[in-house]
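# Reading the structure
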2 protein chains.
Amino acid sequence: MKDVAARAGVGLKTVSRVVNGEPGVTAETEHRVREAITALGFRRNDSARVLRKGRTASIGLVLEDLADPFYAPLSRAVEEVARDHGALLLNGSSAEDPARERELVLALCARRVDGLVVVPAGGDHRYLEPETAAGLATVFVDRPGGLIAADAVLSDNFGGARDGVAHLVAHGHRRIGFLGDQPRIHTATERLRGYRAAMAAAGLPVDASWVSLGPTAPDRVRAETERMLTGPSPVTALFTGNNRVTATAVRVLARHPRPVALVGFDDLELADLLTPAVTVVAQDASRLGRTAAELLFRRLDGDAGPPRHEELPTRLIARGSGELPPADGTSG
Amino acid sequence: MKDVAARAGVGLKTVSRVVNGEPGVTAETEHRVREAITALGFRRNDSARVLRKGRTASIGLVLEDLADPFYAPLSRAVEEVARDHGALLLNGSSAEDPARERELVLALCARRVDGLVVVPAGGDHRYLEPETAAGLATVFVDRPGGLIAADAVLSDNFGGARDGVAHLVAHGHRRIGFLGDQPRIHTATERLRGYRAAMAAAGLPVDASWVSLGPTAPDRVRAETERMLTGPSPVTALFTGNNRVTATAVRVLARHPRPVALVGFDDLELADLLTPAVTVVAQDASRLGRTAAELLFRRLDGDAGPPRHEELPTRLIARGSGELPPADGTSG
DNA sequence: CTGAAAGCGCTTACAG
DNA sequence: CTGAAAGCGCTTACAG
């Protein structure tokens, strides 16, 4: 910038004015400055700008896995909102590891992002308090933050699972399995709660062997699915707790001799083309991301109200797999 | 940092040493400094650090759409490599718009990212020259940069498409349709070239009505697919140029009275569970991202060799749809 | 309409 | 082992 000023024969401040489109520069002066800028290949260094202005016009997004078909559209939605507000997006995957989440979040804070959208992996976010005190805005999405009063945008995990299981009950099932993610994940326990509520509402008992929470690695899900389909009290229907679990369960059911009904939480690409097509409780991942990012920017614009919790509805999409009648392996 | 130094009763430089883990500080002094840091809730401001050091320990990734199931794993792979090198990832979608690509890239440059991984939307990257001259490293991935000598990591689009089409020819097809993306996209024309090469190698003519390049919006793809399946010279097999096109084509074929063979470029989740299961030419999106990011960091570590072009192999996965025999609608 | 001075929060030599 | 001074590239008051 100094070089540009020298070449154009003007002061530093004048160059700054031109670069930032501020008023109060003669057309002729501006022309000289622009000429010098292109001749020298000058580009403003935003790091220096940030140092003075305080705001970085960037936000951070920390989620579980950028590659997951649920989180990818969520990211894109956050990016679009950021773009509308002239901000850039810094992105990171926690890989469901609380230590990695913390490390990432703090690295983003050190870069002085203006705000943060976080899908938490851990259950304790008190480490954010100094940052929040220093002016950082944070919105949790998909899952609430832990031990901290903060904004959160969630899906109706409880209601969605309850309705999905009730759908199976309405189609005559009494022995329904629940295959979910690890119990330390908020959405997993909420969906399990929905399952139990639907069973209780129908007056149905829940055998301990019908419920399985744990890592969503295909091996475990496959083993657990097979276990529920055999044994003394086999299930006639399955409720799967997220997209990864559903994909694996569908693979197992495709090779199973008896038809087994299935409702999955989260929609899957091509789910409508399978035989039977897969009935799902769909979340709107884009809308989750958009809502969270919009809330974040409202905070950055000065909204200092109490922490807000927004809950988005889910949608049951009946396609076939959830409407199969019970095929009772024990009695026929 | 000044406050920390004052509170600990030491100089600024000593605080800097502690924060950066540099040697040459008494255990007792270090303890005093650390105490002051936690008491004051101090976090180093990396913007200031960047201003002095020159390096930002961040890289930018610009691609078409963060939410696309092909680009999402590519992003994640770039992120992992960045993480291994202690760098953060700034991310943006160009939405296949050259102007938006340029805008994003320049915004990332203004933040002084150390390097850039770019899936180009535009065909002219001379705008990067001043940045490159100033030390920016750039690696293009999935598609080469335009009018600029730069590193590129690509899939073998030509060979993959050629083999996929040859596979259909080997199963008896003579009238094969090609449904691809817009012709200004490098991968679209490369794959079309592969299609033509396979047809030529088999001595088969290509009717103009069998080739369709254009936007991958479902409406257009649906219309074009239906057009190729009817009319005077209907195709008996389809080669689809990417994941989005394949998904739409599969939907059309599912409702079509006659079986039509299909090979798609790019793998799809659940493709193995469809009836018939979808034969694809799979790219390794993660490996593309990883290879590009690793090359970028080699450049940042000082590798100043001539621009490198790496080409990754594709893999034909036969699952059923590509092995269907011709069902000739005209002759029976 | 234009510019010289001070300062954002760090690090880099350099000196004790 | 420790610190005072200068400077990274901008912007913010302030003065002409």
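Residues numbered from 1 in each chain as written. Chains lettered and ligands numbered in written order. Predicted model: local features only at pLDDT ≥ 70, side-chain atom pairs only at ≥ 80, totals over all residues. Heavy atoms only, no water.

## Quick look at the pattern of salt bridges
- The tally for this structure, following the rule as stated, stands at 56 salt bridges over all chains.
- A salt bridge links E80 of chain A to R100 of chain B, with the nearest nitrogen and oxygen atoms 2.9 Å apart. A residue pair is termed interchain when its members come from two chains, as with E80 of chain A in helix α5 (residues 71–84) and R100 of chain B in helix α6 (residues 98–110).
- By relative accessible area, E80 of chain A is classed as partly exposed at 23%.
- With a closest N to O distance of 3.0 Å, D267 of chain A and R319 of chain A form a salt bridge. Note that D267 of chain A is positioned in the loop between β9 (261–265) and β10 (279–282) and R319 of chain A in the segment after β12 (315–317), a separation of 52 residues in sequence.
- The class for D267 of chain A is partly exposed, based on a relative accessible area of 33%.
- Look at the salt bridges and you will find they share partners, linking E64, D68, E96, D142, R143, D181 and R244 of chain A into a network. (Salt bridge = Lys/Arg side-chain N within 4 Å of Asp/Glu carboxyl O. Helix = DSSP H or I, 4+ residues; strand = E, 2+ residues; numbered from the N terminus. Buried < 20%, exposed > 50% of the residue type's maximum accessible area, 1.4 Å probe, protein only.)

## Points about the UniProt feature "domain: HTH lacI-type" (unreviewed entry) in chain A
- When the UniProt feature table is mapped onto this chain, "domain: HTH lacI-type" (unreviewed entry) is found at residues 1–53 of chain A.
- Counted over residues 1–53 of chain A, helix gives 70% and strand 0%. Its end C-alpha atoms are 17 Å apart. (UniProt positions renumbered as here; feature names shortened; annotations may be inferred.)

## Examining the relation of the copies chain B and chain A
- Of the transformation superimposing chain B on chain A, the axial component is 0.0 Å and the angular component is 180 degrees, with the fit at an RMSD of 0.0 Å. Look at the turn and shift together and you get a two-fold axis relating the two. When each C-alpha of chain B is compared by its distance to the rotation axis, L90 of chain B comes out closest, at 2.2 Å. (Least-squares fit on C-alpha atoms with pLDDT ≥ 70 in both.)

## Quick look at the protein's contact with DNA strand C
- Close to DNA strand C lie 25 residues, the nearest being T14, T29 and R52 of chain A together with M1 and S16 of chain B.
- Each atom of DNA strand C within 4 Å of the protein was assigned to sugar, phosphate or base; sugar and phosphate come to 62%.
- A distance of 2.7 Å is found between a phosphate oxygen of DNA strand C and a backbone nitrogen or oxygen belonging to G11 of chain A.
- At 2.8 Å, a side-chain N or O of R52 of chain A approaches a base nitrogen of DNA strand C.
- Breaking the surface near DNA strand C down by element, the ones donating at least two residues are α2 (12–19) and α4 (46–53) of chain A together with α2 (12–19) and α4 (46–53) of chain B.
- Broken down by element, the surface near DNA strand C gets its largest block of residues, 5 residues, from α4 of chain B. (Near = heavy atom within 4 Å. Polar contact = N/O pair within 3.5 Å; in protein donor to acceptor, adjacent residues only side chain to side chain.)

## Some thoughts on the protein's contact with DNA strand D
- Close to DNA strand D lie 25 residues; M1 and S16 of chain A together with T14, T29 and R52 of chain B are nearest.
- Each atom of DNA strand D within 4 Å of the protein belongs either to a base or to sugar and phosphate, the latter forming 62%.
- Between S16 of chain A and DNA strand D, the recorded distance is 2.6 Å, taken from a side-chain N or O atom to a phosphate oxygen.
- Taken together, the elements giving at least two residues each to the surface near DNA strand D come down to α2 and α4 of chain A together with α2 and α4 of chain B.
- The element that contributes the greatest number of residues to the surface near DNA strand D is α4 of chain A, accounting for 5 residues.
- Residues of the surface near DNA strand D, tallied by class, amount to 7 nonpolar, 9 polar and 9 charged. (Nonpolar A, V, L, I, M, F, W, Y, C, P; charged D, E, K, R; others polar.)

## Comments concerning the packing of aromatic side chains
All names here are of chain B.
- This model, assessed by the stated rule, comprises 6 aromatic pairs over all chains.
- Here F70 and Y71 contribute two aromatic rings whose centre-to-centre distance is 5.0 Å and whose plane-to-plane angle is 70 degrees, an arrangement assigned as edge-to-face.
- By relative accessible area, which is 10% here, F70 ends up buried.
- Take Y71: its relative accessible area is 4%, and that puts it in the buried class.
- On the numbers, 5.3 Å between centres and 45 degrees between planes, the contact of F178 with Y195 is tilted. (Phe/Tyr/Trp six-rings, centres within 6.5 Å; stacked < 30°, edge-to-face > 60°.)

## Thoughts on the interface of chain B and chain A
- Counting residues at the interface gives 53 residues for chain B and 54 residues for chain A.
- A combined buried area of about 4,700 Å² lies between chain B and chain A, and 54% of that area is made up of carbon and sulfur atoms.
- On the surface where chain B and chain A come into contact, there are 14 salt bridges.
- Notably, a salt bridge pairs R76 of chain B with D65 of chain A, separated by 2.5 Å at the nearest N-O pair.
- Along the lines of polarity and charge, the residues of the side of chain B that touches chain A split into 27 nonpolar, 9 polar and 17 charged.
- Judged from the 3 bridges that link them, strand β2 (residues 88–93) of chain A and strand β2 (residues 88–93) of chain B form a sheet pairing that is antiparallel. Bridge assignment links L89 of chain A to a residue of β2 of chain B, and that residue is N91 of chain B. (Contact = heavy atoms within 4.5 Å. Buried area = accessible area lost by both parts, 1.4 Å probe. Pairing = 2+ DSSP bridges.)

## Some points on the sheet that holds strand β8 (residues 237–240) of chain A
Residue and element names in this part refer to chain A.
- In spatial order, the strands read β7-β6-β8-β9-β10-β12; together these 6 strands make up an open sheet with mixed pairing. Strands with a single pairing partner mark the edges of an open sheet, and in this sheet they are β7 (211–213) and β12. Each strand axis lies, on average, 15 degrees off the axis of its neighbour in the sheet, ignoring direction.
- Pairing of β10 with β12, which is carried by 3 bridges, proceeds in the antiparallel orientation. The partner of V281 across the bridge, within β12, is L316.
- In this fold helix α9 (residues 186–201) packs onto β6 (176–180), β7 and β9, with an angle of close to 170 degrees to the strand it touches most, β6.
- Relative to the sheet, helix α11 (residues 243–254) contacts β6, β8 and β9, its axis offset from that of β9 by approximately 160 degrees. (Axes fitted to C-alpha atoms, helices over the stretch in contact; angles between N-to-C directions.)

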